[in-house]
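# Reading the structure
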Amino acid sequence: LEEVRDGDIICFQRSDISVEDIDIPTAPHFYRELYNRIDVIFYEKSIPNDPGFTLTLNQKMNYMQMAKAVAFQLKTDPLLLQFFRPQVHRQLSDQAIRCSNEGCIRDFVVSRSRLDAAPYLFYQRLNIPINEFENKRWFKCVFVSLKLKEEKEFTIYVDKNGMIEDLLNEARKEITFSKDSTRVLRLLEVMGSRIIDVHPIDKPVAELVSQKMYRIEEIRSDELKLDEEEALIPVAHYQKIMHNTFGVPFLLKLKDGERISAIKGRIQSLLDISEKELDKWSFTIVSGVQSPVIISEGMYVCTCMCEL
């Protein structure tokens, strides 16, 4: 009692109770836990102005302990969550926190400028476990049907060392094919309603940009195998000004020496337009090295052109 002074708080606990299976077994553990408590606000990354929710956690918790606490709140699997540090000066998600991070919550969170405001993190829900997700790259894609209709948007996850072929194999799982479908897909890059690239299947996905929207489409049966004098030519729709393109561009199979009348017939069939409507259209050959050439009815077409 010589060490006790006025104002001291004396804590005691029963000695006949086992503390082996208790998370906070002793009074020192309790006050240490109390000292390390921190209120963290979690916002869902994909929801603008998400009100979020607040959890009281221990700032010495590791990544998985934090993930389990958030997953319990969201009623989901902790492996199906990914967390992000926010930008310092703006309430926007920025850097992803890897699940293998050996730090603790106090290393993850960012405090607000106001002293009375709680620190915060962002999270997003995943379709695959986070440990698999971090070894993959993701790409947003839209599937365009043979009738040139945008049927479905989805996100594809591919191994970082994978090829375009792997991406297309994953895309097949998201697409409902018709009975007479070829089930063969290709990946296109479209910008400004013009096809700017058709990516070969042996190209590494590491060379793609995740922030872009890529187009996936089925290859028509007559395009599966091209003869030496045949080629697939990108076709874009413009109005008055050559670069004022709009609508859904497409690839068209052409043959050297083919008459424009035959080409126009295939375009009419593909776009399902009337003869009267087609007569209002003009067709122009666009080449990177030559001036645009307006095609007349009796002309023949050479596949060395770049775009129609």
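Residues numbered from 1 in each chain as written. Predicted model: local features only at pLDDT ≥ 70, side-chain atom pairs only at ≥ 80, totals over all residues. Heavy atoms only, no water.

Now for the overall build of the protein. Helix and strand counts for the protein stand at seven helices and 16 strands. Looking at the protein as a whole, 39% of its 308 residues are labelled buried. A fraction of 56% describes how many contacts in the protein between residues 6 or more apart in sequence connect residues 24 or more apart. A total of about 19,800 Å² of accessible surface is found on the protein, and carbon and sulfur atoms cover 50% of it. (Helix = DSSP H or I, 4+ residues; strand = E, 2+ residues; numbered from the N terminus. Buried < 20%, exposed > 50% of the residue type's maximum accessible area, 1.4 Å probe, protein only. Contact = heavy atoms within 4.5 Å. Areas by Shrake-Rupley, 256 points an atom, 1.4 Å probe, with all protein chains shown as cover.)

Tracing the backbone through its elements, the reader meets Gln124 in strand S5 (residues 120–125). Dropping the residues within four chain positions of it, Gln124 is found in contact with Lys45, Leu80, Leu81, Gln82, Phe84 and Phe133.

Soluble, globular proteins show a tendency: their nonpolar side chains are buried together. With 26 residues, the main nonpolar core has Phe42, Leu57, Tyr63, Met66, Val70 and Phe83 as its most contacted residues. Elements with a minimum of two residues in this core: strand S1 (37–44), strand S2 (53–58), helix H2 (63–74), strand S3 (81–86), helix H3 (105–108), S5 and helix H4 (130–133). It is H2 that contributes the most residues to this core, seven residues altogether. The next biggest cluster of nonpolar side chains, apart from the first, holds 18 residues, and it includes Phe143, Phe154, Ile156 and Ile175. (Core = buried A, V, L, I, M, F, W, Y, C linked by side-chain atoms within 4.5 Å.)

This part takes up the confidence of the model for the protein. The share of residues in the protein with pLDDT of 70 or more is 88%, and the mean pLDDT across the chain is 85. Within the protein, strand S16 (residues 300–301) has the poorest average pLDDT of any element, 61, and H2 the best, 96. (pLDDT = per-residue confidence, 0-100.)

This brings us to the pattern of salt bridges. Scanning the model with the defined rule gives twelve salt bridges in all. The closest approach of N and O atoms between Glu217 and Arg186, which form a salt bridge, is 2.7 Å. Taken together, the positions of Glu217 in strand S10 (residues 213–218) and Arg186 in strand S8 (residues 185–191) put the pair 31 residues apart, joining distant regions of the chain. When its relative accessible area of 5% is taken as the criterion, Glu217 is described as buried. Notably, a salt bridge pairs Glu230 with Lys253, separated by 3.8 Å at the nearest N-O pair. Residue Glu230 is located in strand S11 (residues 230–239), and its partner Lys253 is located in strand S12 (residues 241–255); the two are separated by 23 residues in the primary sequence. For the residue pair Glu230 and Lys253, the accessibility class agrees, reading buried in each case. Here the salt bridges share partners, and the residues they tie into one network are Arg186, Arg215, Glu217, Arg220 and Glu223. (Salt bridge = Lys/Arg side-chain N within 4 Å of Asp/Glu carboxyl O.)

So, on to the side chain of Asp50. With respect to the element layout, Asp50 can be found in the loop between S1 and S2. No salt bridge forms around the buried Asp50; measuring N to O, its nearest opposite-charge neighbour Arg125 is 8.8 Å away. Here the side chain of Asp50 touches Glu44 through a polar contact of 2.6 Å, landing on its backbone nitrogen. Apart from residues no more than four positions distant in its own chain, Asp50 is found in contact with Phe42, Tyr43 and Glu44. (Lys, Arg positive; Asp, Glu negative; His and termini not counted. Polar contact = N/O pair within 3.5 Å; in protein donor to acceptor, adjacent residues only side chain to side chain.)

In this section: the packing of aromatic side chains. Per the stated rule, a full pass over the model turns up ten aromatic pairs. Between the aromatic rings of Tyr43 and Phe122, the centroid separation amounts to 5.8 Å while the plane-to-plane angle is 40°, which identifies the pairing as tilted. Pair noted here: Tyr43 is in strand S1 and Phe122 is in strand S5, with a separation of 79 residues, a long-range link. We note that Tyr43, like Phe122, is buried. Geometrically, the ring pair formed by Phe139 and Tyr214 is edge-to-face, given 6.2 Å between the ring centres and 75° between the ring planes. Note that Phe139 is positioned in strand S6 (residues 136–144) and Tyr214 in strand S10, a separation of 75 residues in sequence. Here the aromatic cluster, defined as three or more aromatic residues joined through ring pairs, consists of Phe42, Phe53, Tyr63, Phe83 and Tyr123. When the ring centre of Phe84 is taken as reference, the NZ or CZ atom of Lys45 above it lies at 5.0 Å. (Phe/Tyr/Trp six-rings, centres within 6.5 Å; stacked < 30°, edge-to-face > 60°. Lys NZ or Arg CZ within 6 Å of the ring centre and 35° of its normal.)

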